Amino acid sequence: MDLQVAKLVSVESLQLKLVSSTELELAGTLATATAQRELSGILSKLHARIVEQKIQSFTVDVRPLNFVNSSAIRVFVDWIARAESAGYRLTFITERGVTWHRLSFSVLRSLAPQNVEIIEKNAALPGQPS
Amino acid sequence: MTEPKSSRGVERTLKLLHGGKAVEDAKRLAELAVTCCDAQCRQAASMAAWELAENLLKYGATDPTKSAGTIAVSVENNTIRVRTTNTVHSPKDARHVQETVSRIATSPSARDLYRERLLELFGDPSQQRAQLGLLRIAFEGSFTLSCSFEAPLLEIVAERACSEH
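None of these values were measured; they are calculated from a predicted model. The residue numbering used here restarts from 1 in each chain and proceeds along that chain's sequence as written. Starting at A for chains and at 1 for ligands, labels are handed out in the order in which the entities are written. Where local features are concerned, this predicted model is filtered to residues with pLDDT of at least 70; where side-chain atom pairs are given and counted, the filter is 80 or more; whole-chain, interface and lining totals use all residues. Working from all heavy atoms in the structure, the side-chain values ignore hydrogens and water.

(A) View of the layout of surface pockets. Looking at the second largest pocket, its volume works out to about 280 Å³. Forming the boundary of the second largest pocket are 18 residues, of which T99(A), W100(A), Q43(B), A44(B) and M47(B) lie nearest the centre. In DSSP terms, a helix is any run of H or I states spanning at least four residues, a strand is any run of E spanning at least two, and both are numbered starting from the N terminus. When residues of the lining of the second largest pocket are traced back to their parent elements, those giving at least two are β5 (65-68) and α3 (99-111) of chain A together with α1 (22-33) and α2 (39-59) of chain B. By residue number, the principal contributor to the lining of the second largest pocket is α2(B), which donates five residues. Taken together, the residues of the lining of the second largest pocket sort by class into six nonpolar, six polar and six charged. Put plainly, a pocket is an open set of points on a 1 Å grid over the protein atoms alone with protein on both sides within 12 Å along at least five of seven lines, a cavity is a set where a 1.4 Å probe fits but cannot get out, and a lining residue has an atom within 4 Å of a point. Grid points are joined across faces, edges and corners, and a volume is the space filled by probe spheres set on the points. Under the grouping applied here, Gly and all other residues not named as nonpolar or charged are polar, the nonpolar ones being Ala, Val, Leu, Ile, Met, Phe, Trp, Tyr, Cys and Pro and the charged ones Asp, Glu, Lys and Arg.

The following block contains the structure:
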C-alpha cells in the first residue's frame, strides 16, 4: 500500500495521511498485529522514498494517535533506527495531555537524539487553531 | 458519566476467551471501572488492562474452548488495581514474568529499564518479541507490579494511586 499526498489510508482503526511530501499524520489506534505489519510495510516504502528524494527532515504528527499497544512502540523504534542510519531527521509532534506521548516519545528521542526531535503541543481549545 | 459512589471498591471481573475482541473488552472493563478517576488514571488503567490482557492471551492456556484466564479491575481507597489470573502454558514463561516483575520492583527507575529495552530493540531489530508490556505498565502507567506463581496458576497485580474528580 502506497501513500499519496492528501489521501487518507485506513488500516483497521488506524488512519494515515501524507499531509505533504515531508509530513505524515497518524490517527486512531494501533494495537493489533495486522495493523502493525501493514504500518511497518507502509513506513518501509515511505523511508525508501525519503532516502531517494534526499529529504533531510520528516515530520510525523501523532497527536490524533490516541492509543497504541507496547508492540506498536517497536514500529517507531525501527523507523528511528532507519532514519539514523540513513541520516535524516524525524520530528514527532505529540500531545502534552496524552501520557504515552509525553513519556514514550521522550525515551524514543534518547535513542538517537541527533536524529529525533519532539515538539509537544497542548490540545487546542474549541474554536482555536492547534 | 460518574461512577456511583456505592459501587466503588467492587472488583469487576471478566473471563477472557481466545479470539474475538477479548483485549478490547478488557480495556472497556477498565474504562468502566475507573470512570470516577482523572484522565491520567483512566489512560493508565486502559493501557495496563490492554497490556495484561494481551500477555494473558499470548502466554495463557491455549485451549480455545476454555477461558484463557480472568482480568479484574477495582478502585478502592484511592488505589486502582488491575489483576490477571491464568493457567500458564509454559512454566518457563511464568518464571520469565516473575523475573521481569522482580527486576522492575527492585529498580530505582522504570524509565531506565524501559529505555534499556528500547535500546536493545534499536540495536537488534531481528528480535521477535518486543517484551515491553510490563515495563510500559510500570513506566508509563506508574503502576507497582507484583506477581505470584503457584503452578499452574499465575497472578499478576498492577496497582497505582489514583486521583478522583
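(B) Molecular detail of the packing of α1(B) against α2(B). All names here are of chain B. Where α1 meets α2, the axes come as close as 8 Å, and the angle between the chain directions of the two elements is 150°. The chirality of how α1 crosses α2 is right-handed. Across from A22, V23, E24, A26, K27, A30 and E31 in α1, the residues of α2 making contact are A45, S46, A49, W50, A53, E54 and L57. Residue composition of the contact of α1 with α2, by class: nine nonpolar, one polar and four charged. Lines fitted to the C-alpha atoms define the axes, with helices restricted to the stretch that makes contact. Angles between their N-to-C directions range from 0 to 180 degrees. For any helix crossing, the convention is left-handed if the near helix is rotated counterclockwise from the far helix by under a right angle, and right-handed if that rotation is clockwise. Only heavy atoms matter for contacts: two residues are in contact if any of them lie within 4.5 Å across the pair.

(C) Representation of empty space enclosed by the protein in the model. Residue and element names in this part refer to chain A. Counted under the stated rule, the structure contains three cavities of 30 Å³ or more. In this structure, the second largest cavity is lined by L18, S21, L46, R49, I50, Q53, I55 and F58. Examining the composition of the lining of the second largest cavity, we find that three residues originate from one element, helix α1 (residues 33-52), more than from any other. Partitioning the lining of the second largest cavity into residue classes produces five nonpolar, two polar and one charged.

(D) Highlighting α1(B). Each helix should span, by expectation, one fewer than its residue count multiplied by 1.5 Å. Here α1(B) contains 12 residues, and its C-alpha end-to-end distance of 17 Å stays within 8% of the 16 Å for a straight helix at 1.5 Å per residue. For α1(B), the set of buried residues is A22(B), V23(B), A26(B), K27(B), L29(B), A30(B) and A33(B). All buried residues of α1(B) lie within an arc of 155° about the axis, which places them on one face of the element. Residues of α1(B) that are buried in the fold lie against β5 of chain A together with β1 (12-17), α2 and β2 (67-76) of chain B. Per-residue accessibility, obtained with a 1.4 Å probe over protein chains only, is compared with the maximum for each type, and a residue is labelled buried under 20%, exposed over 50%, and partly exposed between these values. Of all possible arcs, the one meant is that of the directions from the helix axis to the C-beta atoms.

(E) Molecular detail of the pattern of salt bridges. A carboxyl oxygen of Asp or Glu within 4 Å of a side-chain nitrogen of Lys or Arg is what we treat as a salt bridge. Considering all chains together, one arrives at 12 salt bridges over all chains under this definition. Three or more residues are tied together by salt bridges with common partners; here these are E11(B), R83(B) and E155(B).

(F) Main features of the packing of aromatic side chains. All names here are of chain A. Between rings of Phe, Tyr and Trp, where Trp is taken as its six-membered ring, a pair exists when centres lie within 6.5 Å; planes separated by under 30 degrees are stacked, by over 60 edge-to-face, and by other angles tilted. Applying the stated criterion across every chain, the model contains seven aromatic pairs over all chains. Here the aromatic rings of F58 and W79 are separated by 5.9 Å at their centres, their planes lie at 55°, and the arrangement is tilted. Here F58, found in strand β4 (residues 57-61), pairs with W79, found in helix α2 (residues 70-86); they are 21 residues apart in sequence, far enough to count as distant. Taking relative accessible area as the criterion, F58 reaches 0% and is therefore assigned buried. Its relative accessible area of 1% is what places W79 among the buried residues. Taking the centre distance of 5.6 Å and the plane angle of 40° together, the rings of W100 and F105 count as tilted. Assigned by exposure class, W100 and F105 land together as buried.

(G) Broad picture of the nonpolar core. Counting residues in hydrophobic clusters, the biggest one holds 94 residues, and the most contacted among them are L16(A), L24(A), W79(A), I80(B) and L118(B). Counting residues per element, this core draws most heavily on α2(B), which supplies 11 residues. Apart from the residues within four sequence positions on either side, L118(B) is in contact with I73(A), V77(A), V107(A), L108(A), L111(A) and L132(B). Put simply, buried Ala, Val, Leu, Ile, Met, Phe, Trp, Tyr and Cys residues joined by side-chain atoms within 4.5 Å make one nonpolar core.

All we've got here are geometric facts, nothing functional implied.
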